[in-house]
Each structure stands twice: as structure tokens, then as C-alpha cells.
Amino acid sequence: MMKVEKISENMVYQKPRLITNNTMHYCPGCSHGTVHKIVAELIDEMGLEDNAVAVSPVGCSVLAYNYIDIDWVQAAHGRAPAIATALKRLMPDRLVFTYQGDGDLAAIGTAETIHSLVRGENIVIIFINNAIYGMTGGQMAPTTLIGQKTATTPYGRDTALNGFPYKMGEIAAMMPGVTYVTRQSVDKPAAVRAAKKAIKKAFENSIGCKGTSFVEIVATCNSGWKLSPVASNDWMRENMFPEYPLGDLKNNG
Amino acid sequence: MEDIKLLKGNEVLAIAAIRCGADGYFGYPITPQSEVMETLMDERPWLTTGMVVLQAESETSSINMIYGGAAAGKRVMTSSSSPGLSLMCEGLSYLAGAELPCLVVNVARGGPGLGSIQASQADYFQLVKGGGHGDYKLIVLAPNSVQEMNDFVGLGFDLAFKYRIPAVILTDGIIGQMMEKVTLSPERPRRTEEELAKECGDWATTGRKASRGKANLANSLFLDSVDLEQHNLHLQKKYREIEKNEVLCEQIQVEDAEYIMVAYGTSSRICMKVVEDMRKEGHKVGLIRPITLFPFPTEIIAKAAEHSKVILSVEMSAGQMVEDVRLAVGCACKCRVEHFGRFGGVVHSPAEVYEALKALM
Amino acid sequence: MAKIKGTIEVDIQKCKGCAVCVSVCPTKVIELGAKVNDKGYNYVVMLNEDDCIGCAGCAMVCPDSVITVYKKKFE
């Protein structure tokens with residue numbers, strides 16, 4: 001009987017060094033943890049621990065600074081891209097990225113987001129799009145799908161009442177100062193690998209001052225969607241992906 | 001050799017920022033202070049000192065750029081006028097909560113609402129008492145000349161970093177637009193990365209986590225109420241310390257005065273003329289000019305009230321600072337406290353102040 | 001013939017029992033166990049170690065980084 005010993009020479013995957021030992025406050029199965037892990041792995045692998053400043057939003061990932069062990073600035077709701085703008089302008093050799101949800105980035109922070117893209121700031125915006133306000137209890141977000149039930153659209157999002165979901169990735173791709181726009185997910189190992197490759201490219205763009213990189217992660221909010229984590233992934237693939245198709249929207253790097 | 005120039009108040013804010021080694025300016029145009037950014041863009045300090053100057057898309061964005069720059073330990077500054085400051089109040093609360101040093105200038109105009117573009121002193125409550133949410137204070141400096149506009153840029157930065165607190169220059173459209181002779185501050189270089197690390201290394205988010213051995217965080221979130229109370233107690237302790245150490249106040253013929261005016265900024269210059277006119281007529285009149293509005297010269301006013309019959313707070317507002325003057329004087333004191341001022345952008349004349357004070361004699 | 005075999009170690013107390021790992025395992029060697037951890041979550045357990053290929057897919061999709069993966073090639 002062949003047995004694999006649990007020793008370091010056989011180890012092929014472990015918790016990233018820059019993920020802290022704090023237990024994450026996220027709900028079971030939440031995509032945030034997976035994206036955090038990718039970010040932490042890349043900062044370590046790319047040797048950027050001594051060169052990275054991140055900006056956390058208001059929303060579920062407000063406490064991201066508790067989980068990824070680098071310098072963080074915690075932002076007011078929606079203002080992360082303005083903060084990142086100054087950080088990068090004043091420290092041009094650093095990797096500067098924001099980590100924001102759909103309410104933060106696409107509702108209250110629309111102006112800050114759009115204008116950082118307009119200026120082509122050499123930052124990375126990581127945009128977690130789960131089509132809902134998670135932290136406040138599952139209300140409608142700008143990216144909520146038509147017909148989708150949330151706490152503030154209990155009968156489904158009605159376009160006459162609530163307008164239409166809007167696509168930040170497509171808007172970002174229109175901006176001349178934006179170098180790289182991609183839409184990824186983290187629901188399967190292959191997706192995680194692709195998302196990691198995308199964020200790596202975005203980080204390289206920031207370090208190389210090649211313009212703005214916008215990485216949208218289509219994600220789940222199983223508590224907000226009132227589904228199990230596994231069923232949420234299925235629902236996402238079935239309903240979110242047609243509205244927010246995965247892949248590169250722009251790649252000028 | 002002294003560097004003497006004839007400059008507008010707004011222009012000198014820009015020149016002083018460059019000369020005192022500011023790292024960045026982020027702003028949004030608004031009358032009557034747009035010359036600050038215009039002068040900076042004309043000077044192009046990024047080619048000389050390396051100072052960053054950026055026009056933001058709003059005051060909300062400018063103050064958050066300040067938050068980002070301040071978090072990194074940089075000497076960053078913004079300027080605006082009253083409606084812009086209203087938008088910045090969110091950011092000021094976060095800056096105060098996260099204990100980040102920066103310099104914010106309000107070249108105030110008449111309000112409320114869109115108000116007017118004429119000079120006003122109606123933003124005293126907004127900046128001295130808060131404006132944003134939560135228990136916080138800002139250091140508030142009130143210049144009354146173009147020279148002080150110059151001097152308070154360096155002073156503001158120094159105080160901001162000494163206490164890790166936002167410092168504000170509260171001035172108005174008159175001083176911003178007025179031209180006077182000014183002796184410029186000696187040039188001091190921007191801090192190097194090493195100097196910054198030495199001064200701000202234990203808190204600034206410079207992205208140098210590995211060399212430092214620990215991550216830094218700029219944050220005003222304390223989910224546990226007891227933690228937040230502790231943080232507030234720490235802030236309050238700092239504010240008491242500032243009150244103890246940093247009061248700046250000019251006193252003109254206060255020693256024997258029976259009638260004292262309290263006025264800051266533009267209003268104080270008008271009152272100086274009133275002191276002169278009344279003294280000529282033999283009235284024992286004096287002027288207390290608070291230079292710091294927070295910390296407020298409470299003790300100086302209280303002491304003056306002991307030998308005074310009337311204290312008149314003269315402000316270009318419906319009466320804001322007068323509340324602090326009343327608190328300083330206290331109910332037990334026999335000295336009467338009154339307010340006089342034109343507002344909405346109207347500036348009182350020395351004759352109007354003279355009449356108002358005369359009526360109280 | 002060479003055979004690649006794997007195994008996993010689970011940080012039981014940090015596992016939240018979301019089962020996303022179970023859903024992506026290509027050889028169906030893991031499942032949520034009957035036992036619970038200190039927080040009351042049914043944590044993930046190895047069913048059939050023999051069939052684990054050490055692909056690390058489970059660990060990659062784990063939001064809480066609770067899975068460590070080991071792999072060895074047997075000649």
C-alpha cells in the first residue's frame with residue numbers, strides 16, 4: 001500500500017504565507033477568501049511584500065487588512081480609487097491596488113472609479129461583482145440582474161423601478177488610459193488559475209506604470225442569494241455568466 | 001537674503017507649499033480659491049521639488065486623495081471654499097479618526113447652500129466644531145494677512161505631523177484675493193524616503209512591510225465598541241494636549257481694556273481700526289485675535305473678561321465664535337458678551353463695528 | 001508504471017463546511033464528515049485516500065485556506 005507522507009518535500013499546496021492566521025469573518029463558501037488567497041500568493045511569488053499598498057473598501061471586504069499581511073489603507077465607502085490615485089502618484093514604484101465590491105465601486109464610488117480610469121492611474125482595481133450588497137444584508141446592487149430577488153427588490157429587480165444592471169468592465173474598457181480589463185471567476189480550480197494569471201498581469205502593469213488594470217471577478221454571495229455555497233456557484237454559472245461573460249475585454253499590456 | 005514678493009493670499013499658499021517641501025496637492029476648482037491650484041500648475045513643482053499636483057474630479061475625491069497621501073506619511077495639502085468643504089467633511093472625519101496629518105485650506109465664502117462667492121466667516125462651526133460625524137477636532141489656524149497665509153502653511157504641516165491630526169487654515173475670500181507684500185519661507189527640501197520612514201515608520205502605509213517587519217494600517221474602523229471608546233479616549237487626550245500647548249492669540253491693548261472685541265481673520269483687521277479710533281476718543285478698547293480657533297484662547301478671554309464690561313465678538317457670520325467666547329467668559333462673570341457682524345458675504349465696515357460697540361457702552 | 005498519489009490535511013477548526021472543495025474534486029475522494037468542529041461546522045474529510053491524485057483543486061477553491069495538499073510519485 002503506497003502512502004503519501006505529510007512532509008514538506010511532498011507538499012504541493014498550502015495556505016499562502018501572507019494570509020494571516022485570523023479566521024475570516026466571511027460566510028462559508030464566500031468568494032472573497034479565494035480572491036484574497038490569490039492576491040496573497042501573487043504578492044509573495046512576485047516578491048512584492050516590500051512594495052505593495054492596498055486599499056480596502058466599505059462592504060464585506062472592509063476587513064481585508066486582517067487577512068492579507070501587507071500595508072493597507074481602509075477607505076470611506078466608494079473612495080478607494082481616489083486614495084489609490086494619491087498613493088501611486090506619490091510612490092510611483094509601488095504596487096497599488098484597490099479591492100472593492102459592486103456597491104462600493106459601481107454605486108457610491110462611481111465618480112472615483114470612472115475618473116481614476118479616465119486619468120489612467122497606474123493602479124489595479126480588483127472588483128468583486130456578486131450582484132448584491134452583502135454586508136448590509138442582501139440589498140440590490142447596481143449589478144443585480146433583472147428579475148433577481150434581493151432584500152430591496154423582493155419581487156425581483158424591475159427595470160421600470162430600478163433600472164438596468166450596468167457593466168463596469170465594458171465601461172472601463174472604453175477608457176484610453178485603461179490597459180487591461182478582464183472578467184474572471186474563482187468557482188473552479190481552472191478558474192482560480194486563470195484569475196491568478198489575470199491578477200498577476202494586472203500587478204505587473206501597475207509596477208510597470210502601464211495604465212489602469214481592471215480585474216472583475218464574478219463572484220457569489222450565497223447568504224445574500226439564499227442558496228448553499230455549491231448551489232450559488234451553479235446559479236452564478238447559469239445566470240451571472242451570460243450577463244457578465246468571462247474573458248479579457250481589453251489587453252493592451 | 002530675504003525673498004520678498006507681492007502676492008495674492010491664494011498664490012502664496014501655493015508658493016509656500018512648494019517651499020516648505022510639500023509632497024502633494026490635490027484639489028478641485030472653486031471660487032474664491034482657484035488661484036491656489038492655478039499657481040501650482042503654473043509653477044510645475046514636479047519638475048523641481050518632485051511635488052505632485054493633481055486636479056481631482058470633486059472635493060470628495062480631493063480629500064480622499066489627501067487621505068491616501070497622508071496615510072503614506074506624505075505632506076499633502078488641499079484647498080477649497082465653503083461648499084467644497086461641506087463635501088470634504090466626510091473625509092475630514094476619516095482623517096481625524098485614522099489620525100492622519102494633512103493640511104486643508106478653506107478660503108471661505110457666504111452660505112448656506114451655493115451662497116455667494118464673497119468672503120464670509122460662517123464656516124467656524126463647520127471646521128472648529130466638526131462638520132463630519134463623530135467626536136473629533138481639527139487644528140484650525142486663522143490668518144489675517146498674506147504673510148500669515150504663507151507662514152501657516154509650514155506651521156500647519158508641522159502641527160499636523162506633531163499630533164497626527166488634520167490642520168486647517170480657515171481664511172476667506174478677502175485674504176485669498178488680497179495682494180500684500182510677503183516674506184517667503186526659507187526653502188526646505190521634501191523629506192527623503194529614509195527621513196519619512198524615520199519620522200512616520202510606525203504608522204505610514206508606505207508599502208515597506210518586509211523591511212519594517214510589520215504591516216501598517218490606516219484605519220478608522222473599530223467594530224468593538226469598547227475598542228472604539230478607547231480610541232476616542234486617546235483622541236480626546238490628544239485634543240487636551242493640543243489645547244494645553246498650541247494656543248496662538250494676538251492681544252491688542254487688552255491689558256486695561258473695559259471694552260474688548262474678539263475677532264479673527266479679516267474681521268480682526270477691521271477691529272484693529274476700531275481700537276485705534278476709539279482709543280483716540282479715550283475709550284479703553286482692546287482686541288483679542290484668536291490665531292488658533294482650535295485650540296481656542298479660552299483662558300486669555302476669561303482673564304480679560306475679569307476687567308472688562310463688554311466683550312463683543314465680531315464675525316462675518318450670524319454669530320458662531322461668540323458661543324465659544326460665552327463659554328470662555330462663563331455665566332458667573334459680570335462681563336456681558338455680545339455679537340456683531342454682517343454676513344452672507346457682506347463685510348462690516350469699521351464704522352459699523354464702532355457704532356455697535358458704542359451702543360454697548 | 002508510475003502512479004501519482006496525493007493526500008490532504010484539513011485545518012479542522014477553520015473549516016466552515018462550505019463543500020465547494022467537495023464539488024470540484026475530480027476523483028470524489030472528499031466529503032463533509034458527520035463530525036463537527038468547535039463552531040459546529042461539518043468539516044471536510046478524506047473518504048478514499050487511495051484515489052486522491054493530489055491535484056490541489058480542493059485547496060485552490062477553498063476560501064479559508066484550510067487544506068494543505070501533499071503529492072508523491074510512486075515508481
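Residues numbered from 1 in each chain as written. Chains lettered and ligands numbered in written order. Predicted model: local features only at pLDDT ≥ 70, side-chain atom pairs only at ≥ 80, totals over all residues. Heavy atoms only, no water.

K.L.:
Account for the sheet that holds strand β9 (residues 217–218) of chain B, with residues named and values stated.
P.N.:
With mixed pairing, 8 strands are arranged side by side in an open sheet as β10(A)-β8(A)-β9(A)-β5(A)-β4(A)-β2(A)-β3(A)-β9(B). The open sheet has two edge strands, β10 (247–251) of chain A together with β9 of chain B, and neither has a second partner. As defined by bridge partners, strand β4 (residues 95–101) of chain A adjoins strand β5 (residues 124–129) of chain A across 5 bridges and the pair is classed as parallel. Across the sheet, Gln100(A) pairs through a bridge with Phe127(A), a residue of β5(A). Packed onto the sheet, helix α1 (residues 31–45) of chain A meets β2 (52–56), β4, β5 and β9 (212–218) of chain A and runs at close to 175° relative to β4(A). Helix-sheet contacts for helix α2 (residues 80–90) of chain A involve β2, β3 (71–74) and β4 of chain A, and the interaxial angle to β4(A) is about 175°. (Pairing = 2+ DSSP bridges. Helix = DSSP H or I, 4+ residues; strand = E, 2+ residues; numbered from the N terminus. Contact = heavy atoms within 4.5 Å. Axes fitted to C-alpha atoms, helices over the stretch in contact; angles between N-to-C directions.)

K.L.:
Talk me through the arrangement of the chains; I want residue IDs and the actual numbers.
P.N.:
When the 2 pairs of chains in contact are compared, the highest contact count belongs to chains A and B. Nothing in chain B touches chain C; the tightest C-alpha to C-alpha distance between them is still 21 Å.

K.L.:
Tell me what's going on with the packing of α2(A) against helix α4 (residues 110–118) of chain A, and back it up with residues and numbers.
P.N.:
All names here are of chain A. Between α2 and α4, the shortest axis-to-axis distance is 7 Å and the interhelical angle comes to 35°. In contact with Pro81, Ala82 and Thr85 of α2, α4 contributes Glu112, Thr113 and Ser116. When grouped by side-chain class, the residues that make up the contact of α2 with α4 number 2 nonpolar, 3 polar and 1 charged. (Nonpolar A, V, L, I, M, F, W, Y, C, P; charged D, E, K, R; others polar.)

K.L.:
Give a description of the interface of chain A and chain C that names residues and reports values.
P.N.:
Tallying the contact residues gives 38 residues for chain A and 35 residues for chain C. The junction of chain A with chain C conceals about 2,900 Å² of combined surface from both sides, 63% of it contributed by carbon and sulfur atoms. On the chain A side of the interface with chain C, the three residues burying the most area are Met2(A), Val4(A) and Lys6(A), jointly 23% of the side's total. At the boundary of chain A and chain C, one finds 1 salt bridge. Across the pair Glu49(C) and Lys3(A) runs a salt bridge, and its minimum N-O distance is 3.4 Å. (Buried area = accessible area lost by both parts, 1.4 Å probe. Salt bridge = Lys/Arg side-chain N within 4 Å of Asp/Glu carboxyl O.)

K.L.:
How would you summarise the interface of chain A and chain B if you had to cite specific residues and measurements?
P.N.:
Between chain A and chain B, the residue contacts involve 34 residues of the former and 37 residues of the latter. Three residues, Asp50(A), Asp71(A) and Leu90(A), lead the burial of chain A against chain B; their summed loss comes to 24% of the area buried on that side. Between the two partners, chain A and chain B, sit 7 salt bridges. When the shortest N-O distance is used, the salt bridge between Arg79(A) and Glu90(B) registers 3.0 Å. Summed over the shared surface of chain A and chain B, the number is 22 residue pairs in polar contact (both at pLDDT 80 or more). If one sorts the elements of the side of chain A that touches chain B by residue count, α2(A) sits on top with 7 residues. The residue inventory of the side of chain A that touches chain B, partitioned by class, reads 18 nonpolar, 5 polar and 11 charged. Across 2 bridges, β3(A) lies against β9(B) in parallel orientation. Bridging from a neighbouring strand, Trp72(A) pairs with Leu217(B) of β9(B). (Polar contact = N/O pair within 3.5 Å; in protein donor to acceptor, adjacent residues only side chain to side chain.)

K.L.:
Mind laying out the environment of Arg208(B), listing which residues take part and the relevant values?
P.N.:
Mapping Arg208(B) onto the fold places it in the loop between α8 (193–200) and α9 (209–212). In the structure, Arg208(B) is positioned 11 residues away from Ala197(B) in sequence and 9.1 Å away in space, judged by C-alpha atoms. Beyond its immediate stretch of four places on either side in the chain, Arg208(B) contacts Asp50(A), Asn51(A), Asp71(A), Asp93(A), Arg94(A) and Glu193(B). Within the structure, Arg208(B) has its side chain in polar contact with the side chain of Asp93(A) (distance 3.5 Å).

K.L.:
Hey, could you go over the domain arrangement of chain B for me, with residue numbers and the actual values?
P.N.:
Think of interface size as the accessible area that goes away when the parts come together; that is how it is often given. Residue and element names in this part refer to chain B. Structurally, chain B comprises domain 1 (4–183) and domain 2 (249–359). Spacing between the C-alpha centres of domain 1 and domain 2 amounts to 26 Å. Contacts between the two partners involve 29 residues from domain 1 and, on the opposite side, 26 residues from domain 2. Considering only the side of domain 1, the residues that lose the most area to domain 2 are Gln121, Tyr124 and Asn144, jointly responsible for 35% of the buried surface there. (Domains from an automatic or database assignment.)

K.L.:
An account of the state of the cysteines is requested, with residue identities and associated values reported.
P.N.:
All names here are of chain B. Enumeration over the complete set of coordinates arrives at 0 disulfides over all chains. There is no disulfide at cysteine 20, and the cysteine sulfur nearest it, in cysteine 102, is 13 Å away. Using a relative accessible area of 5% as the deciding quantity, one classes cysteine 20 as buried. For the unlinked cysteine cysteine 271, the closest cysteine sulfur is that of cysteine 249, found at 13 Å. For cysteine 271, a relative accessible area of 0% translates into the label buried. (Disulfide = S-S within 2.5 Å. Buried < 20%, exposed > 50% of the residue type's maximum accessible area, 1.4 Å probe, protein only.)

K.L.:
Describe the packing of aromatic side chains, naming the residues involved and giving the relevant values.
P.N.:
If you walk through the whole model with that rule in mind, you get 7 aromatic pairs over all chains. Between Tyr239(B) and Phe294(B) the ring centres are 6.3 Å apart and the planes differ by 85°, which places this aromatic pair in the edge-to-face class. With Tyr239(B) in helix α10 (residues 225–245) and Phe294(B) in strand β13 (residues 292–294), the pair connects residues that are 55 residues apart, well separated along the chain. When its relative accessible area of 1% is taken as the criterion, Tyr239(B) is described as buried. Among the aromatic side chains, those forming a connected cluster through ring pairs are Trp72(A), Phe97(A) and Phe203(A). Between the NZ or CZ atom of Lys201(A) and the centre of the ring of Tyr180(A), over which it lies, the distance is 5.6 Å. The side chain of Arg191(B) reaches across the aromatic face of Phe161(B), ending 4.7 Å from its centre. (Phe/Tyr/Trp six-rings, centres within 6.5 Å; stacked < 30°, edge-to-face > 60°. Lys NZ or Arg CZ within 6 Å of the ring centre and 35° of its normal.)

K.L.:
Go over the pairing of strand β15 (residues 336–340) of chain B with me, naming the residues and quoting the values.
P.N.:
Residue and element names in this part refer to chain B. Two elements, strand β14 (residues 310–314) and β15, share 5 bridges in a ladder whose sense is parallel. Among the inter-strand pairings, isoleucine 311 is bridged to a residue of β15, identified as valine 337. As for the winding sense of the linkage, the β-α-β connection from β14 through helix α13 (residues 321–329) to β15 is right-handed. (Right-handed = clockwise from strand over helix to strand, strands pointing away.)

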